[in-house]
Amino acid sequence: MTDITPEVATASASGNAATDSFARKQREVASTSAERVDALVSELLSAAHDTIRRHKVTYAEYDVLKSWLIQVGQDGEWPLFLDVWLEHVVEEVANENREGSKGTIEGPYYVPDAPRLPAEATLPMRESEGGTPFLFQGQVTSVDGAPLAGALVEIWHADNDGFYSQFAPGLPEWNLRGAVVADDQGNFKIHTIEPAPYQIPTDGSCGKLIAAAGWHAWRPAHLHLKVSASDHQLITTQLYFQGGSHVEDDIASAVKPELILAPKPATDGSGNEVTYDFVLDKA
Ligand code: DHB
Ligand code: FE
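Residues numbered from 1 in each chain as written. Chains lettered and ligands numbered in written order. Predicted model: local features only at pLDDT ≥ 70, side-chain atom pairs only at ≥ 80, totals over all residues. Heavy atoms only, no water.

Caption draft 1: Representation of the overall build of the chain in the model. Assigned secondary structure in the chain consists of six helices and 14 strands. Relative to its length of 283 residues, the chain is compact, with a C-alpha radius of gyration of 20 Å against a globular reference of 19 Å. If you line up the chain on its principal axes, its C-alpha atoms span 65 × 45 × 35 Å. Looking at the 283 residues of the chain, the share that counts as buried comes to 43%. When contacts within the chain are restricted to residue pairs at least 6 apart in sequence, those whose partners lie at least 24 apart make up 74%. Accessible surface, the chain: about 15300 Å² in total, of which carbon and sulfur atoms supply 54%. Side chains of the chain carry 20 positive and 41 negative charges; the gap between the two charge centres is 6 Å. (Helix = DSSP H or I, 4+ residues; strand = E, 2+ residues; numbered from the N terminus. Rg over C-alpha atoms; globule rule 2.2 N^0.38 Å. Buried < 20%, exposed > 50% of the residue type's maximum accessible area, 1.4 Å probe, protein only. Contact = heavy atoms within 4.5 Å. Areas by Shrake-Rupley, 256 points an atom, 1.4 Å probe, with all protein chains shown as cover. Lys, Arg positive; Asp, Glu negative; His and termini not counted. Charge placed at Lys NZ, Arg CZ, Asp CG, Glu CD.)

Caption draft 2: Up close: helix α4 (residues 78-85). With six of eight residues buried, α4 lies mostly within the body of the structure. Every buried residue of α4 is listed here: P79, L80, F81, D83, V84 and W85.

Caption draft 3: Summary view of the sheet that holds strand β4 (residues 152-157). With respect to topology, six strands assemble into an open sheet ordered β1-β5-β4-β9-β10-β11, the strand pairing being mixed. This sheet does not close on itself; its edge strands, each paired only once, are β1 (116-117) and β11 (260-261). Bridge analysis of strand β10 (residues 235-241) against β11 gives two bridges, and the strand direction is parallel. Looking at the pairing, Y240 lines up with I260 of β11. (Pairing = 2+ DSSP bridges.)

Caption draft 4: Region of the structure containing the site of ligand 1. Looking at ligand 1, there are 13 residues lining it, with V84, Y164, Y198, R219 and H224 nearest. Here an oxygen atom of ligand 1 sits 3.0 Å away from a polar atom, N or O, in the side chain of Y198. Here R219 contributes a side-chain N or O atom positioned 2.6 Å from an oxygen atom of ligand 1. Here ligand 1, which alone exposes 290 Å², has 100% of that area covered by the protein. According to the grid-proximity analysis, the pocket containing ligand 1 is the largest cavity. Elements with a contribution of two residues or more to the shell around ligand 1: α4 and β9 (222-228). (Near = heavy atom within 4 Å. Polar contact = N/O pair within 3.5 Å; in protein donor to acceptor, adjacent residues only side chain to side chain. 1 Å grid on protein atoms, 1.4 Å probe; cavity = no way out; pocket = protein on both sides within 12 Å on 5 of 7 lines; lining within 4 Å. Sits in = over half its atoms within 2 Å of the grid points.)

Caption draft 5: Fine view of the coordination of the iron ion (ligand 2). Every protein donor of the iron ion (ligand 2) is listed here as Y164 (OH), H222 (NE2) and H224 (NE2), and their distances to the metal cover 2.0 to 2.1 Å. Mapped onto the sequence, the residues coordinating the iron ion (ligand 2) show the spacing Y-x57-H-x1-H. For the residue pair H222 and H224, the accessibility class agrees, reading buried in each case. (Donors = N, O, S within 2.8 Å, 3.2 Å for Na, K, Ca; no water.)

Caption draft 6: A look at the pattern of salt bridges. Applying the stated criterion across every chain, the model contains six salt bridges. Here D159 and R126 are joined by a salt bridge, their closest N and O atoms 3.2 Å apart. Pair noted here: D159 is in the loop between β4 and β5 (177-181) and R126 is in the loop between β2 (120-122) and β3 (133-142), with a separation of 33 residues, a long-range link. For the residue pair D159 and R126, the accessibility class agrees, reading buried in each case. It is possible to trace a salt-bridge network through shared partners that takes in R126, E129 and D159. (Salt bridge = Lys/Arg side-chain N within 4 Å of Asp/Glu carboxyl O.)

Below, the structure is given as structure tokens:
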């Protein structure tokens, strides 16, 4: 028995882990012209100026904003803030011309280089992993219908308490994360458990904003996926569970009708199963 009891996950711990994880990513550095920086930043500032004038924002409110912005940085919560309230529109614009499967936001908790697993596999999990057993299976094809042999299905999701490995303390490193290599017909069969809804950490600056605005802090239960194959565009997406809490009012505005699964009881009597196929656009 090597299971570890999770310590309490704190906002600054998961925030700082998300900030470190983002810093480690090899992102292409966009070379943005002065004209474009000027246009984008001027328009953004101008929208803020309009809001200040229209609502007659006071110095007291301005100071609250300043201290809150400072706190977001100290908590390491910029990745959380941006991925919840802005990323969905960046994704919408980035993928507006795709013909294949719908994508949605990546969120702050992807980690590259998860353990490689065969086409039928069980995700790494604790002996005592809680949650309903779940079989997620499907096929990866190209937009022209051709099966994509050896497609890579990277999957990561929260546990039955809503925590992600490597971002909440006490979880095995690759818990509920894997990179499944589809078979020669593009088929995959992933055994896991159903994740719980995820709550934005409430004890940090994003939590403060949510409380101050009278919002809720929840994302519906979801699976995260990145699906890729040679000569095709990688898709980053999430899948949700029909009828689950907050499918209709995701704090991150990332749910799309095409991304809602309707699992059925598994034929072998253990938990639920669903089939979902991915269609990739050509590169
Ligand atoms: C956040 C967390 C998620 O699991 C997700 O999918 C998107 C955003 C967040 O805390 O910002
Ligand atoms: Fe998530």
